[in-house]
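# Report on the structure
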Amino acid sequence: MSRSAHPAGPRHADVLPEGHYSPPPTDLNGLDGRVWSRTVRRAEGRGPDGVVSVGGIDVRRLAEEFGTPAYILDEADFRARCRAWKDAFGEGADVFYAGKAFLSRAVVRWLHEEGMNLDVCSPGELATALDAGMPAERIALHGNNKSTAEITRAVEAGVGRIVLDSFQEIVRVADVARRLGRRQRVQIRVTVGVEAHTHEFIATAHEDQKFGIALADGMAAEAVRRVLGLDSLELVGIHSHIGSQIFDMAGFEVAARRVVALLTEVRDEHGVELPEIDLGGGLGIAYTPEDDPREPHEIAKSLGDIVTRECAAAGLAVPRLSVEPGRAIAGPTTFTLYEVGTIKELEGLRTYVSVDGGMSDNIRTALYDAEYSVALVSRASEAPPMLCRVVGKHCESGDIVVRDAFLPADLAPGDLIAVPATGAYCRSMASNYNHALRPPVVAVREGEARVVVRRETEEDLLRLDVG
Ligand code: LLP
């Protein structure tokens, strides 16, 4: 049977795992604004005339100039998302972009220009932030196992806050600050005991896990006691991060309520009103048109209201709120551009479309069973939808990019396809598996494209291999 004769129907659904089947889109050339970055457009026209562009640049030109696979980052979209978060939270709150989602020097400069703060969780992220000119006082340092050397570097640099994650770390940071003659601003990260509705690996507020200090058994109150007793630490607030890719605000509300309850306890016991609350990141984005994320203004209103209400009930002054969105800013700004290499049709079973990247540039499908969408972008097609699996070129059957996708049945080797919403946790989690060369990040804006992270070369690989 030819590919074009494959209607997407129950026969295909039979071989799909439950929850992985949705009907074919009516218009395969349509690009849903929920999953594609703001300046992505498909030109009017048939065949090659219906090419997709971003930032005013044709994807075929991008592929020619920068090669594939490549992460194509829409700078205007990134900046617009920063502004939307900042505007939504207003002057009374701070927005820290979580650099783990994706960080580069260009991104740091954009964040700085847009008035954002930055959350880093490793020496590499801190180095990138400082090198690109982010003022240290706008940086927060995270991590569940920060070494004395890492802490020393951060305190020396003058970071605005260190988020304490354990009892050992309280002592470690206090010692470093004392030795350097500083008084370091700190927050304490607590686990509030919320089961966030997300993948187990990215849920972080239930008690059985490595992050933070539990509220439940009085441990967090004990941590506060200890920090308040140390002159080299200035306790400015409490931090909670409940997980990632979360759509339901209920978990955040419970977290906010429990954090405010701790602030009340601290006030009652020590006569101190801590001035800050950080409710972390974790807001979900649309990977497929079925996902329905909250907008920053809804999130800001919901969090602001609950904190205000709880504080009023406890007779506390409303603390300064901060949040740490990573995915919600970087995720939707980028798509990964691939070239189709081979197409393998297994009659009555499945069609495999192999691209020139895979689990080395996007591990999320294999790791979290993440769902993505995909589109043919180098041309428009009138062919019927073909249900297929987009896979990479690695030596592993789990090397899946998009588990179940609809692409036009006339798809052919040499076509360019793109996977949207790959701006967060794709380049930052990329690997050299099979000695793959990690793809570049190309930023586009108003008709101009420039490499912000270059493609790795074989020389890069061999340089580390010192024989
Ligand atoms: N703040 C803290 C303390 C965090 O641990 C994280 C993410 C964030 C903020 C940002 O969360 P976001 O807004 O991006 O969801 N690799 C996983 C995600 C791990 C998230 C780790 N922490 C993924 O690909 O889904």
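Quantities reported herein were computed from a predicted structural model and do not represent experimental measurements.

## Some details on the site of the ligand
Near the ligand there are 19 residues, and of these Ser 244, Glu 324, Arg 327, Arg 364 and Tyr 425 occur at the shortest range. Contact distances for the ligand include 2.8 Å between an oxygen atom and a backbone N or O atom of Gly 282. Measuring from an oxygen atom of the ligand, one finds a backbone N or O atom of Gly 326 at 2.9 Å. For the shell around the ligand, the residue count by class is 6 nonpolar, 7 polar and 6 charged. Mapping the shell around the ligand onto the domain boundaries places at least three of its residues in each of domain 1 (3-74 + 332-464) and domain 2 (142-325).

## Structural notes on unusual backbone geometry
Following Thr 68, the chain continues into Pro 69 via a peptide bond in cis, with omega recorded as -10°. For Pro 69, the location among the structural elements is in the loop between helix H2 (59-66) and strand S4 (70-74). Phi angles above zero are rare outside glycine, and Tyr 425 is one such case at about 60°. Within the secondary structure, Tyr 425 is located in the loop between strand S19 (416-420) and strand S20 (441-445). Of note, the phi angle at His 435 is positive, near 55°, even though the residue is not glycine. Here His 435 lies in the loop between S19 and S20.

## A closer look at the domain arrangement of the chain
Each assigned domain of the chain is listed with its residue range as follows: domain 1 (3-74 + 332-464) and domain 2 (142-325). Tallying the contact residues gives 12 residues for domain 1 and 10 residues for domain 2. Interface area for domain 1 against domain 2, summed over the two sides, is near 1100 Å², with a carbon-plus-sulfur share of 64%. Considering only residue class, the side of domain 1 that touches domain 2 consists of 6 nonpolar, 2 polar and 4 charged.

The rules we used
- Residues numbered from 1 in each chain as written.
- Predicted model: local features only at pLDDT ≥ 70, side-chain atom pairs only at ≥ 80, totals over all residues.
- Heavy atoms only, no water.
- Near = heavy atom within 4 Å.
- Polar contact = N/O pair within 3.5 Å; in protein donor to acceptor, adjacent residues only side chain to side chain.
- Nonpolar A, V, L, I, M, F, W, Y, C, P; charged D, E, K, R; others polar.
- Domains from an automatic or database assignment.
- Helix = DSSP H or I, 4+ residues; strand = E, 2+ residues; numbered from the N terminus.
- Contact = heavy atoms within 4.5 Å.
- Buried area = accessible area lost by both parts, 1.4 Å probe.

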